[in-house]
Amino acid sequence: MAQVDEFESIFRSALVDIYEYSLLEIKSVLLVTDKNENDIKAYLHDVQKFLSVLGTSVTWDVLNESDFTTTQELLNRVDQAKPDLICSYRNLRSEDWIHQHSLGSYLDVLIQKSDIPVLILPHPNANYAHDHAMENTDRVMAITDHLSNDHRLINHAVRFTQVDGSVFLTHMEDQATFDRYMDIISKVPEINTQDAIEGIKEQLLKEPKSYIESCKTVLQENNLPVTIEDIVTFGNRIMEYKKLILDHKVDLLIMNAKDHDQLAMHGMAYPLAIELRQIPLLML
């Protein structure tokens, strides 16, 4: 029986997920603001410049302060517009952008109730954004705690990266969680603790690394002019992501927001969205 289990483990460890590339079509964008008509033009220009990677054929619609006053009215407006992408900024229709504790009710509802990706921009009145935050998208990072087989996430990262830009594919295992499980394993006498630590750690990093290699191969085969950078590691996610964004001067961060098993935002997405306010975030 032990030999059968060993054979099965070797077989299963050899199975890898292969990235599936698909070109995302973004034909229309809805910019949601709480500005008046006189102030919208300049801000729209800034957002369009930042998203120049989308091309010149994109249709832009704008909501101003008089177009909605409740979250339901905003959802109705989105249903009417049927955009491929929604752009807005944190703490919409609120002065809470002064404090760092929420996205605001409008974005909370929009991200969870709509199936359309939402681009969260730094609040235009705040001064906490990085200097490069709204210039372009030549350095885009996709983050997840389970990178393998996440084709949609990668396809969005590639689509939003400028020609000759860099896509950072990032998978981070939570160090504290890993340490806790290894501590439990160390108390089971039938398990060799050191072998378990080394084997599990290696396997946890092996799968996302293999998937990223498949991303590089597939994108090269499709002649896509972007460079894939891989970051697969352990750490304190919020602290490490802050450091990575700063070190690599990331312009746009992309992550999954939905969790089909609950009403709340997916896993670490909400705390990360609260903390990482210095650059735009694309929530899928």
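Residues numbered from 1 in each chain as written. Predicted model: local features only at pLDDT ≥ 70, side-chain atom pairs only at ≥ 80, totals over all residues. Heavy atoms only, no water.

### Here's the deal with helix α8 (residues 237-248)
Over its twelve residues, α8 extends 16 Å from the first C-alpha to the last, a length consistent with the 16 Å expected when each residue adds 1.5 Å. Looking at α8, one finds that the buried residues are R237, I238, Y241, L244 and I245. Down the axis, α8 shows its buried residues gathered within 130° of arc, on one side only. Exposed and oriented more than 90 degrees from the buried face of α8 are M239 and L246. Of the surrounding secondary structure, the elements contacted by the buried residues of α8 are β5 (139-144), β6 (165-174), β7 (226-235), β8 (252-255) and α9 (269-275). One or two steps after α8, the chain reaches K249, where phi turns positive at roughly 50°. (Helix = DSSP H or I, 4+ residues; strand = E, 2+ residues; numbered from the N terminus. Expected span 1.5 Å × (residues − 1). Buried < 20%, exposed > 50% of the residue type's maximum accessible area, 1.4 Å probe, protein only. Arc of directions from axis to C-beta. Contact = heavy atoms within 4.5 Å.)

### A few points about the packing of aromatic side chains
Applying the stated criterion across every chain yields a total of four aromatic pairs. A cation sits over an aromatic face here: K35 above Y43, 5.3 Å from the ring centre. Above the ring of Y181, the side-chain terminus of R180 is found at 4.9 Å from the ring centroid. (Phe/Tyr/Trp six-rings, centres within 6.5 Å; stacked < 30°, edge-to-face > 60°. Lys NZ or Arg CZ within 6 Å of the ring centre and 35° of its normal.)

### Thoughts on the packing of helix α3 (residues 71-81) against helix α4 (residues 105-113)
For any two helices packed against each other, one specifies the crossing angle of their axes together with the interaxial distance. At a closest axis distance of 10 Å, the pairing of α3 and α4 adopts a crossing angle of 45°. As far as their axial angle goes, α4 and α3 are oblique. Note on packing geometry: the crossing formed by α3 with α4 is right-handed. For the pair α3 and α4, contact is made by T71, L74, L75 and V78 and by S105, Y106, V109, L110 and K113, respectively. Looking at the contact of α3 with α4 residue by residue, the classes come out as six nonpolar, two polar and one charged. (Axes fitted to C-alpha atoms, helices over the stretch in contact; angles between N-to-C directions. Parallel < 35°, antiparallel > 145°, perpendicular 65-115°, else oblique. Left-handed = near helix turned anticlockwise from the far one by under 90°. Nonpolar A, V, L, I, M, F, W, Y, C, P; charged D, E, K, R; others polar.)

### Digging into the pattern of salt bridges
The final tally for this structure, using the stated rule, is seven salt bridges. The salt bridge partner of R77 is D67, with a shortest N-O separation of 3.7 Å. One end of the pair, R77, is in helix α3; the other, D67, is in the loop between β2 (59-63) and α3, and ten residues separate them in sequence. In this structure, the salt-bridge partner of E275 is K242, at a minimum N-O distance of 2.9 Å. Remark: K242 occurs in helix α8 and E275 occurs in helix α9; sequence separation between them is 33 residues. (Salt bridge = Lys/Arg side-chain N within 4 Å of Asp/Glu carboxyl O.)

### Some thoughts on the environment of Y211
Along the chain, Y211 turns up in helix α7 (residues 193-221). Relative accessible area serves as the criterion here: at 0%, Y211 is assigned to the buried category. Between the C-alpha atom of Y211 and that of D195, which follows or precedes it by 16 residues, the distance is 25 Å. At a separation of 2.8 Å, a polar atom in the side chain of Y211 contacts the side chain of H151. (Polar contact = N/O pair within 3.5 Å; in protein donor to acceptor, adjacent residues only side chain to side chain.)

### Description of the nonpolar core
Ranked by size, the top nonpolar core spans 85 residues in total, and within it L51, L54, L85, L119, L169, L281 and M283 carry the most contacts. At seven residues, the largest contribution of residues to this core is made by α7. Apart from residues lying up to four places away in sequence, L51 is in contact with W60, L85, C87, L119 and F160. (Core = buried A, V, L, I, M, F, W, Y, C linked by side-chain atoms within 4.5 Å.)

### Focus: the sheet that holds β5
Adjacent strands of a sheet form backbone hydrogen bonds with each other and so pair up, either parallel or antiparallel. Read across the open sheet, the nine strands follow the order β2-β1-β3-β4-β9-β8-β5-β6-β7; overall the sheet is mixed. Every interior strand has two partners, whereas the edge strands, β2 and β7, have only one. Across the sheet, the mean angle from the axis of one strand to that of its neighbour is 20°, orientation sign disregarded. Of the pairings in the sheet, the one linking β8 to strand β9 (residues 281-283) comprises three bridges and is parallel in character. Counterpart to I254 in the pairing with β9 is L282. (Pairing = 2+ DSSP bridges.)

### Regarding unusual backbone geometry
In this model, R93 sits at a positive phi of 55°, which is unusual for a non-glycine residue. When you line up the elements, R93 lands in the loop between β3 (85-89) and α4. A positive phi angle, close to 50°, is found at K249, a residue other than glycine. Its location among the elements puts K249 in the loop between α8 and β8. Of the residues examined, K249 reaches a relative accessible area of 53% and is grouped as exposed.

### Some remarks on the environment of L281
By the secondary structure assignment, L281 is in strand β9. L281 sits in the buried class, given a relative accessible area of 0%. Expressed as a C-alpha distance, the spacing of L281 and C87, which sit 194 residues apart in the sequence, is 9.9 Å.

### Here we look at the side chain of N136
Tracing the sequence through the fold places N136 in the loop between β4 (118-121) and β5. Looking at N136, its side chain comes within polar contact range of the main-chain nitrogen of D138, at 3.4 Å. Setting aside residues no more than four positions away along its own chain, N136 makes contact with F50, Q162 and D251.

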